[in-house]
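Read off the chains here:
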Amino acid sequence: MNDAAAQDHGSDDDGSMSRRRVLRTTAGAAGASLAIGALGTGPAAAGESAGAAGAAGNTGEPAGAAPARKGATMAGVPFERRSTVRVGIIGLGNRGGSMIDLFLAQPGVRVTALCDPVRAKAERAAARVSAAGQPAPALYTKDEDDYENLCARGDLDFVYVATPWESHFPMAKAAMLNGKHVGVECPVAMRLDELWALVDLSERTRRHCMQLENCCYGRNEMRVLRMAHAGLFGELLHGAGAYNHDLRELMFDPDYYEGPWRRQWHTRLRGDLYPNHGFGPVANYLDVNRGDRVVSIASFGTPALGLAEYREAHMPPGDPSWKETYIGADRTISMLRTAKGRIIRLEHDVSTPHPYSRINSLGGTKGVFEDYPARIYLEPDHTDHQWGAFGKYADWDHWLWKEHANPPGGHGGMDYIMIFRLMQCMRLGLVPDFDVYDAATWTAPVPLSHASIRAKGAPLPIPDFTRGEWRKDRTGVDSDKPSD
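Quick caveat: nothing in here was measured; it's all calculated off a predicted structure. (Residues numbered from 1 in each chain as written. Predicted model: local features only at pLDDT ≥ 70, side-chain atom pairs only at ≥ 80, totals over all residues. Heavy atoms only, no water.)

S.K.: Explain the layout of surface pockets here, please?
M.R.: The space that makes up the second largest pocket amounts to roughly 190 Å³. Along the wall of the second largest pocket there are 17 residues; nearest its centre are H229, D287, R290, R474 and G476. Of all the secondary structure elements, the ones that give two or more residues to the lining of the second largest pocket are α10 (219–229), α13 (276–285) and α17 (436–443). Classifying every residue of the lining of the second largest pocket gives 6 nonpolar, 4 polar and 7 charged. (1 Å grid on protein atoms, 1.4 Å probe; cavity = no way out; pocket = protein on both sides within 12 Å on 5 of 7 lines; lining within 4 Å. Points joined across faces, edges and corners; volume = space filled by probe spheres on them. Helix = DSSP H or I, 4+ residues; strand = E, 2+ residues; numbered from the N terminus. Nonpolar A, V, L, I, M, F, W, Y, C, P; charged D, E, K, R; others polar.)

Laid out in structure tokens, this is it:
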């Protein structure tokens, strides 16, 4: 793995599922119309431009109105307690293949079934399961739709999806319709109507659908979260998150993003293609969906020049990439407003030279934290207008990081912490740290930023996926250590 791959905090499969679907979506459309026709945000609200409403589509409903609930809320709903969690994994490339060992390392977890249309990948993964002393898992490698047969098994409790983005929605849907809880890598879907469909399915089937956002479990993120909830930042005012990561070399590597499916999304959407890594942690700091909610987004994008320049310098004549026209802005900047008047800034840039950064910032009336590098300024500890050392606040580490000080696995251990906590919640019958409403909210900037950029930065409403439940305080990632 090269340096760029080694530092990638993305949540992607290498594209083993993309061979068949790299140009397919649930709408069967490419280009700018992909996300726009199904945004479902309704006509312009008072004070919103007609351009914004036109970009968002018109469903005849008030702006941001929630469709009627088809089932009871999933907020605060615990898992069923079980002694063993039986897991099926769909997608066994870079991401899915790397996560198998973390599932196998958990107490009371059995990897029961594996799915990938490339049988060699499934067989390599199955060998690792057997080497861990577990029974050989069932393999689903027949074709691109064999995941449906995995989801239909009666001996699975949880389905983990790590495939190219366009397949996330149908796979999560199949899992819930077959009575399985499901965890999906980022983003959970690419269209607003798909996000609503996942919310409705979760409520109707009583199965949890979770965005497996590993960055919510980073050590710094969890420390800041506990400090924020303890009031050290005072009244919270603003936060920022990003996915600024130079992926040019990887996106033009046919073996890394097979297809290459990820680069081709830059020919379809102009907005923030990957908001979750930055948005998820900041949403947790601000108790989004747990006392506050995001209500609007306004996005801006630069010209799309970086990928074309890289292709000019590195790709030979006749390479398939020369047929592509990139519309995805090299850098997008989105401003989100919450019901309490707080501001969240999101950035996305994978097409230009830039050291890796998720920004990860939080500010309040008593001070501010900024990451990359980590630094802090809090009153009364700091009064000299000089950044302080964040390491001095290690006592505020979350109990998960105190219990697992040196976790195995990638991304500095956050992957392990995430899987440990999820499997713990399932075994003990606890409420998950995040749910389908968080998945939909953290992913909504994908289609909405595209629509806002097309509308020249006009603000668009962000739906209330909780249908009013956000007003209630409830637990989240800042959890108490269970007694068992």
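S.K.: Explain α10 here, please?
M.R.: An α-helical turn contains 3.6 residues, so any two residues separated by three or four positions project in the same direction. Looking only at α10, the buried set comprises E221, M222, R223, V224, L225, M227 and A228. Among the residues trailing α10, G231 stands out with phi positive, at a value near 90°. (Buried < 20%, exposed > 50% of the residue type's maximum accessible area, 1.4 Å probe, protein only.)

S.K.: Help me out: how do you make sense of the pairing of strand β13 (residues 375–378) in this one?
M.R.: As a general feature of sheets, a regular strand has side chains that alternate between the two faces. When strand β12 (residues 367–370) meets β13, the two strands line up antiparallel, connected through 4 bridges. Looking at β13, one finds that E370 is bridged to R375. Linking two consecutive strands that pair antiparallel, namely β12 and β13, is a turn of 4 residues; a positive phi of about 60° is found at Y372 within it. (Pairing = 2+ DSSP bridges.)

S.K.: Would you take a moment to explain the sheet that holds strand β6 (residues 209–211) for this structure?
M.R.: Whenever strands of a sheet pair, they do so through backbone hydrogen bonds, lying parallel or antiparallel. Ordered by their spatial adjacency, 6 strands build an open sheet running β3-β2-β1-β4-β5-β6, and the pairing between neighbours is parallel. Two strands in the sheet have a free side with no partner beyond their single neighbour: β3 (138–140) and β6. Shown here is a sheet whose adjacent strand axes are inclined to one another by a mean of 25°, direction ignored. Note: strand β4 (residues 158–161) against strand β5 (residues 181–184), 4 bridges, orientation parallel. When the bridges of β5 are listed, V161 appears paired with V184. Helix α6 (residues 119–131) rests against β2 (109–115) and β3 of the sheet, and its axis sits at about 165° to β2. (Axes fitted to C-alpha atoms, helices over the stretch in contact; angles between N-to-C directions. Contact = heavy atoms within 4.5 Å.)

S.K.: I'm lost on the packing of aromatic side chains in this one. Help?
M.R.: In this description, an aromatic ring pair is defined by two values, namely the gap between the centres and the angle between the planes. Enumeration according to the criterion identifies 16 aromatic pairs in this entry. Pairing Y217 with F434 gives two aromatic rings, centres 5.9 Å apart and planes at 65°, and the pair type is edge-to-face. With Y217 in the loop between β6 and α10 and F434 in the loop between α16 (414–428) and α17, the pair connects residues that are 217 residues apart, well separated along the chain. Residue classification places Y217 among the buried residues on the basis of a relative accessible area of 3%. Residue F434 is classed as buried on the basis of its relative accessible area of 4%. Where F434 meets W442, the ring centres are 5.3 Å apart and the plane angle is 75°; that geometry is what we call edge-to-face. Using a relative accessible area of 1% as the deciding quantity, one classes W442 as buried. Every member of this aromatic cluster is reached through a ring pair, and the members are W165, Y243, Y256, Y257, W261, W265, Y274, Y356 and Y372. Directly above the aromatic system of F390 lies the positively charged group of R223, at a separation of 4.6 Å from the ring centroid. Just above the ring of Y274 sits the side chain of R262; from NZ or CZ to the centre is 4.6 Å. (Phe/Tyr/Trp six-rings, centres within 6.5 Å; stacked < 30°, edge-to-face > 60°. Lys NZ or Arg CZ within 6 Å of the ring centre and 35° of its normal.)

S.K.: When you look at the pairing of β12 in this model, what are you seeing that I'm missing?
M.R.: As defined by bridge partners, strand β11 (residues 361–364) adjoins β12 across 3 bridges and the pair is classed as antiparallel. When the sheet's bridge partners are listed, G364 is paired in β12 with G367.

S.K.: Just to check I follow, could you spell out the nonpolar core for this structure?
M.R.: Generally speaking, soluble globular proteins have nonpolar side chains that are buried together. Membership of the largest hydrophobic core comes to 104 residues, with the highest contact counts inside it found for F103, F158, Y217, F233 and M423. In terms of residue count, α16 provides more of this core than any other element does, 10 residues in total. Those residues in contact with F233 that lie beyond four places of it in its chain are V224, M227, A228, L362, G364, T365, K366, G367, V368, F369, I376 and L378. The next biggest cluster of nonpolar side chains, apart from the first, holds 22 residues, and it includes C186, Y243, L247 and M251. (Core = buried A, V, L, I, M, F, W, Y, C linked by side-chain atoms within 4.5 Å.)

S.K.: Whenever I open this one, a nonpolar patch on the surface confuses me. Can you help?
M.R.: A cluster of nonpolar side chains, I333, M335 and I343, forms an exposed patch at the surface whose accessible area comes to about 200 Å². Locating I343 in the fold gives a position in strand β10 (residues 343–349). Residue classification places I343 among the partly exposed positions, given a relative accessible area of 31%. (Patch = residues over 30% accessible without salt bridge, like charges linked within 9 Å, V, L, I, M, F, W, Y side chains within 5 Å. Areas by Shrake-Rupley, 256 points an atom, 1.4 Å probe, with all protein chains shown as cover. Salt bridge = Lys/Arg side-chain N within 4 Å of Asp/Glu carboxyl O.)

S.K.: What is the right way to look at the confidence of the model for the protein in this model?
M.R.: Any region with low pLDDT has predicted coordinates that should not be read closely. Overall, the prediction assigns the protein a mean pLDDT of 89, with 87% of residues at 70 or greater. Segment residues 1–38: pLDDT under 50, and 131 contacts once partners within four positions in sequence are set aside and those in other chains are kept. Note on residues 40–63: pLDDT under 50 across the span, and 41 contacts to partners over four residues away in sequence or across chains. (pLDDT = per-residue confidence, 0-100.)

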